[in-house]
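Now for the letters of each chain:
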Amino acid sequence: MEMVHNIYSIVRKEIRQFFVSFVAYVLLFFFLLIGGYYFYIYIIEIRDAARVMPYFLNFMGFISFLLTPFVTMRTFSEEKKLGTIELLITSPIRESEIVLGKFFGTLLFYLIYVAFTLYYLIILIAYGKPEFGPVIAGYLGFILLESAYISVGILISATTKNQIVSGIVTLITLLFFWIVGWISSYFSGAASSILGYLSFMKHYEDFTKGVIDTRHIIFYLSVIVINLFFTIRLLENRKVII
Amino acid sequence: MENKNLILFNKLKINLLYAGAAFFFVGIFWLLIAGTGLIGLIILGLGLGLLAYILAGNFRETLEYIKAMDWKAIGSKYYYLLVILAIFIMVNVISNKRFLRWDITESRRYTLSPHTRNLLKQLEQGKKQIKVLFFRTEVPLIESVDDLLKEYKARCPIIEFEYIDPDKAPQRAKEYNIRSINVPYGNYKLYGTIIILSAGLKESIDVVKVDYRQAGGNYQPYLKLLDNLEKDISSAFLRITKSKKKIYFIYGHGEVDLDDMDKSGWSETKKVIADENYIVDKIYLASLGNIPEDCSLLVVGAPQKNYTDMEYEFLNKYLESGGHILVMLEPFTKNNINLFLNKWGLTTSERFVIDPASSYWFQPVIPLIKAYNFHPITEKLQASTYFPTAAGIEIMSKRPEGVDIQPLAKTTPESWLETDTSGKQVKYNPGLDKKGPIDIMVVVSKKIAENKEMRMVIIGDSDFASNSNVKYYGNMDLLLNTLNWLAGKEELIGIRSKPVESREIQLTQVKLKFVLYSCVIILPLLIIVAGVIIWLKRR
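This structure is a prediction, so every number in the text was calculated from the model and none was measured.

(A) Broad picture of the overall build of chain A. Helix and strand content of chain A: 13 helices and one strand. Along chain A, helices (α) and strands (β) appear in the sequence α-α-α-α-α-α-α-α-α-α-α-β-α-α when read from the amino end. In terms of C-alpha radius of gyration, chain A reaches 19 Å, essentially the compact-globule figure of 18 Å for 242 residues. Within chain A, contacts between residues separated by at least 24 positions form 77% of all contacts whose residues are at least 6 apart in sequence. Total accessible area computed for chain A in this model is approximately 10,100 Å², and 73% of it derives from carbon and sulfur atoms. Mean positive and mean negative side-chain charge positions of chain A (18 and 15 charges, respectively) differ by 4 Å.

Dropping the structure here:
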């Protein structure tokens, strides 16, 4: 119970910190500007209410990999730069609670962004007959994909006190996991399937179509767990990070 | 001394404990991946045995040992990285072997039917090499076929899939004789053919068909996917696992010649049939005395001479026991084929069809058939077919009992059966010539038993499939569809097509403007305004 309380207090602190900075609004502005434009294009080009959201969710997976580094880069790097990390670690809150708090805080903050895209769904309901299966599965998949992105960002953020470095390294790492699926098509046999398996986007496609597959859920969960675990280990070995 | 021995013993026990745990996990891992197997069971058994042996005698000791372990120290060592990675790989490998998949689309678009899943399970167990080549242009129309094939792959990973764009790899497309569809799709010429290869057999499926829709008073052709693609693909998979069927052509009465390379011969046609996974052979009824066991289909290819009573007896007996026969006729022939046809409620004559209203290049002696009656043979036939000099088939009023007679193709009402076979005076003579429409293709069938049906197709022409004609218009498709239906080519039945509901968005200019303004301008601006307000407040 105490653990939940501790995590919750960190989540609240994180969310507040995000929303008092003007950057959050600028990011959201761009997110909705680009998202809105693409939604409009999909409506014109596809004209099929059942297929607009799958396309849009796929696009959102792409735009999020560009945006996530901006969100996660400050999680630990900023605290380290300001020295507040020392306070956090010496407080009675455990390392795992700090990491989980930051993870869920960032995720929740991002989901508030994503909640705005439900407006597009309302438009589709008003003007057509969208299919809800793919939408539900798609958002579920998106949460998993975004969680995986964030876990990568948090781990990298915990390794450096320079926000810019944290952001750029995260971007490059996510880029790798994004293009690895595309690289896999140049290989054959086992190399191709292993590289393809590491692709974050390939595991996401089925969700947007309306198919929920335990393989994809396990993949994302194991990526999230492994990243958060390493972050906790990093914090526990304080010498490494401060 | 005793103390030292005890320590040694403990160390041994601890190592055995580790070994037991390792065997245990490897065993479980093995069983999960390879399914039940002796090796996996032995490893698992070994692990369990070791664990049981150690734990039975030293339970408390072991527990205390584990409790006293310095987890932090273990954690700070680097090898925990390897352990974590190993766990990551193990979890993912297992999840790929044992997984669940839920399709929550309304029409269960991505759910393969139980029949298909069963078939795929058999294929997986059969361990036969199967390769699927999908020649296709990447357009939204084809996307759902990719999705469907992915479901096959998900259920049966041993099938090898390859996706090929014929425009980028024309050589490969040529190798498999892939042709684009003659109706354009937007600005594209569209390809969409699945080739399934296994053990020298080949099956091909064209996934797109031409349909017509009303647009401004007339009918416009457009492309759509086959209505029940899963059935077609699964049936092809089923067929490719079976051995080739045998077709016998009757010889000895001046029938079509499978080795004749002349224009009127059937050497090309023989190749076309063989490409459809059939073995084609000839048969002399008189010298054989009976019809071979392996015969899937018998062809009576426009005989010029009479058959003997005995030979007709063979044919009738074969039919009555659930046989399959294709009969082709030619006009201008004086033979006794009516002896055979009359028994099945049909009759023909020397007269030939003249169709001024629908003919091949304005030659009325070559009727062009544009529409067919509904039947498995003609169901997927899109193109017209032509029949150079065709005989008419008449259905007699007195039909044999239990026999179903169904005309498949007929000429136009303007056509007639010309009696003057000398060809001097080709014009309609009321009273003498028979007025159209004339049946030139008829199907006769009769249910013999639960899974047995006598099937016979009678076509008033044989030249339509000769070397010079078989590859034009829909003639080849008509011939192959007919042979496939007659030979009872396996179809996986029970797979229903999935209803596709139109969910088109009805957008007026006003609505479209609203979407544009609200999504691209108003919503993002609101966010900026909110940001500015909060920022000002904090100042």
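(B) Structural view of helix 9 (residues 267-275) of chain B. Listing the buried residues of helix 9 of chain B in full gives Ser267, Thr269, Val272 and Ile273 of chain B. Where helix 9 of chain B ends, the next residue or the one after it, asparagine 277 of chain B, has phi of about 70°, a positive value.

(C) View of the sheet that holds strand 3 (residues 160-164) of chain B. Residues and elements named next belong to chain B. Across the sheet, four strands lie side by side as 3-2-4-5; this open sheet has mixed pairing. A strand with exactly one partner marks an edge of an open sheet, and here the two such strands are strand 3 and strand 5 (201-206). On average, each strand axis in the sheet is tilted by 15° relative to the strand beside it, whichever way the strands run.

(D) Structural context of the environment of alanine 49 of chain A. On the secondary structure map, alanine 49 of chain A appears in helix 3 (residues 49-72). Its relative accessible area of 1% is what places alanine 49 of chain A among the buried residues. Sequence separation of alanine 49 of chain A and lysine 129 of chain A is 80 residues, and the distance between their C-alpha atoms is 5.7 Å. Setting aside its immediate chain neighbours within four residues, alanine 49 of chain A contacts Leu124, Gly128, Lys129, Pro130 and Glu131 of chain A together with Arg503 and Ile505 of chain B.

(E) Just the sheet that holds strand 15 (residues 385-386) of chain B, in detail. All names here are of chain B. If you trace the three strands from one edge of the open sheet to the other, you get 13-14-15, paired in antiparallel fashion. In this open sheet, the two strands that pair with only one neighbour each are strand 13 (359-360) and strand 15. Examined bridge by bridge, strand 14 (residues 363-369) and strand 15 share two bridges and lie antiparallel to one another. What sits directly across from isoleucine 369, in strand 15, is threonine 385.

(F) Expanded view of the interface of chain B and chain A. Chain B puts 54 residues into the contact, and the matching count from chain A is 52 residues. Together, the buried faces of chain B and chain A total about 4,900 Å²; carbon and sulfur atoms form 66% of this surface. Area buried by chain B at its contact with chain A is led by Arg503, Ile505 and Ile527 of chain B, which between them contribute 15% of it. Where aspartate 206 of chain A meets arginine 101 of chain B, a salt bridge forms, and the shortest distance between an N and an O atom there is 3.0 Å. Where chain B touches chain A, the interface holds 12 residue pairs in polar contact (both at pLDDT 80 or more). Broken down by secondary-structure element, the contributors of at least two residues to the side of chain B that touches chain A are helix 3 (71-76), helix 4 (79-97), strand 1 (101-103), helix 6 (140-155) and helix 14 (509-538) of chain B. Considering every element that reaches the side of chain B that touches chain A, the biggest residue donor is helix 14 of chain B, with 19 residues.

(G) Molecular detail of the domain arrangement of chain B. Residue and element names in this part refer to chain B. We note that the domain assignment places domain 1 (2-97), domain 2 (114-238), domain 3 (245-486) and domain 4 (505-539) within chain B. Summarising the inter-unit geometry, the C-alpha centres of domain 2 and domain 3 are found 31 Å apart. Taken together, the contact between domain 2 and domain 3 spans seven residues of the former and five residues of the latter. Carbon and sulfur atoms make up 37% of the area that domain 2 and domain 3 hide from each other, which totals about 490 Å². Seen at the junction of domain 2 and domain 3, the total is zero salt bridges. At the boundary of domain 2 and domain 3, one finds two residue pairs in polar contact (both at pLDDT 80 or more). Of all the elements in the fold, those that place two or more residues in the side of domain 2 that touches domain 3 are strand 5 and strand 6 (208-215). It is strand 5 that provides the largest number of residues to the side of domain 2 that touches domain 3, a total of three residues. Class assignment of the residues belonging to the side of domain 2 that touches domain 3 gives a composition of two nonpolar, no polar and five charged.

(H) Representation of the packing of helix 2 (residues 22-46) of chain A against helix 14 of chain B. Taken N-terminus to C-terminus, the directions of helix 2 of chain A and helix 14 of chain B make an angle of 175°; their axes are 9 Å apart at the nearest point. Comparing the axis directions of helix 2 of chain A and helix 14 of chain B gives the class roughly antiparallel. Here the contact of helix 2 of chain A with helix 14 of chain B is built from residues that sort into 25 nonpolar, two polar and no charged.

(I) Structural context of the nonpolar core. If you look at the biggest cluster of nonpolar residues, it comprises 87 residues, and the most contacted ones within it are Phe31, Phe39, Ile43, Met60, Tyr110 and Phe200 of chain A. In terms of residues, this core owes the most to one element, helix 8 (residues 132-157) of chain A, which gives 13 residues. Mapping this core onto the domain boundaries places at least three of its residues in each of domain 1 (2-97) and domain 4 (505-539) of chain B. Leaving out residues up to four positions away in the same chain, isoleucine 43 of chain A has contacts with Val52, Ile123 and Leu124 of chain A together with Ile505, Leu507 and Leu512 of chain B.

(J) Spotlight on the pattern of salt bridges. Going through the model one piece at a time under the given rule, you end up with 27 salt bridges over all chains. With a shortest N-O distance of 2.4 Å, aspartate 213 of chain A and arginine 101 of chain B are connected by a salt bridge. Placement of the pair is aspartate 213 of chain A in strand 1 (residues 211-213) and arginine 101 of chain B in strand 1, with the two residues belonging to separate chains. For arginine 101 of chain B, a relative accessible area of 15% corresponds to the buried category. Between lysine 246 of chain B and aspartate 294 of chain B there is a salt bridge; the shortest N-O distance is 3.6 Å. Remark: aspartate 294 of chain B occurs in the loop between helix 10 (285-288) and strand 10 (295-301) and lysine 246 of chain B occurs in strand 8 (residues 245-250); sequence separation between them is 48 residues.

What counts, and where the lines are drawn
- Here, residues in each chain are numbered from 1, in the same order as that chain's written sequence.
- Working convention: letters from A go to chains and numbers from 1 go to ligands, in the order in which they are written.
- Given that this is a predicted model, residues contribute local features only at a pLDDT of at least 70 and side-chain atom pairs are listed and counted only at 80 or more, while totals for whole chains, interfaces and linings are drawn from all residues.
- For the side-chain quantities, the full set of heavy atoms in the structure was used; hydrogens and water were omitted.
- Starting at the N terminus, helices and strands are each numbered in turn, a helix being any DSSP run of H or I of at least four residues and a strand any DSSP run of E of at least two.
- Each radius of gyration reported is based on C-alpha atoms, and the globular scaling rule is 2.2 Å times the count of residues to the power 0.38.
- We call two residues in contact when some of their heavy atoms are within 4.5 Å.
- In these tables, accessible area is a Shrake-Rupley quantity obtained with a 1.4 Å probe, and a residue counts as shielded only by the protein chains included in the view.
- Counted charges follow a simple rule, with Lys and Arg positive, Asp and Glu negative, and His plus the chain ends left uncounted.
- By convention, charge coordinates are those of NZ in Lys, CZ in Arg, CG in Asp, or CD in Glu.
- Remark: exposure states derive from per-residue accessible area (1.4 Å probe, protein chains only) relative to the maximum for the residue type, with buried under 20%, exposed over 50%, and partly exposed in between.
- Pairing between strands is defined by DSSP: at least two bridges between the two strands are required.
- Where helices are involved, their axes are fitted lines through C-alpha atoms of the stretch in contact, as for all axes, and angles between N-to-C directions lie from 0 to 180°.
- Accessible-area loss on putting two parts together, using a 1.4 Å probe and summing over both, is the definition of buried area adopted here.
- Whenever Lys or Arg places a side-chain nitrogen within 4 Å of a carboxyl oxygen from Asp or Glu, that contact is recorded as a salt bridge.
- For the purposes of these results, a polar contact is taken to be a pair of N or O atoms within 3.5 Å, where, inside protein, one atom must be able to donate a hydrogen and its partner to accept one; residues adjacent in sequence count only when each atom of the pair is a side-chain atom.
- Here the limits of each domain have been adopted from an automatic or database domain assignment.
- Here the term charged refers only to Asp, Glu, Lys and Arg, the term nonpolar to Ala, Val, Leu, Ile, Met, Phe, Trp, Tyr, Cys and Pro, and the term polar to all other amino acids, Gly among them.
- For classification purposes, angles smaller than 35 degrees are called roughly parallel, those larger than 145 roughly antiparallel, those between 65 and 115 roughly perpendicular, and all remaining angles oblique.
- Only buried residues count toward a nonpolar core, which is a set of Ala, Val, Leu, Ile, Met, Phe, Trp, Tyr and Cys residues joined through side-chain atoms within 4.5 Å.

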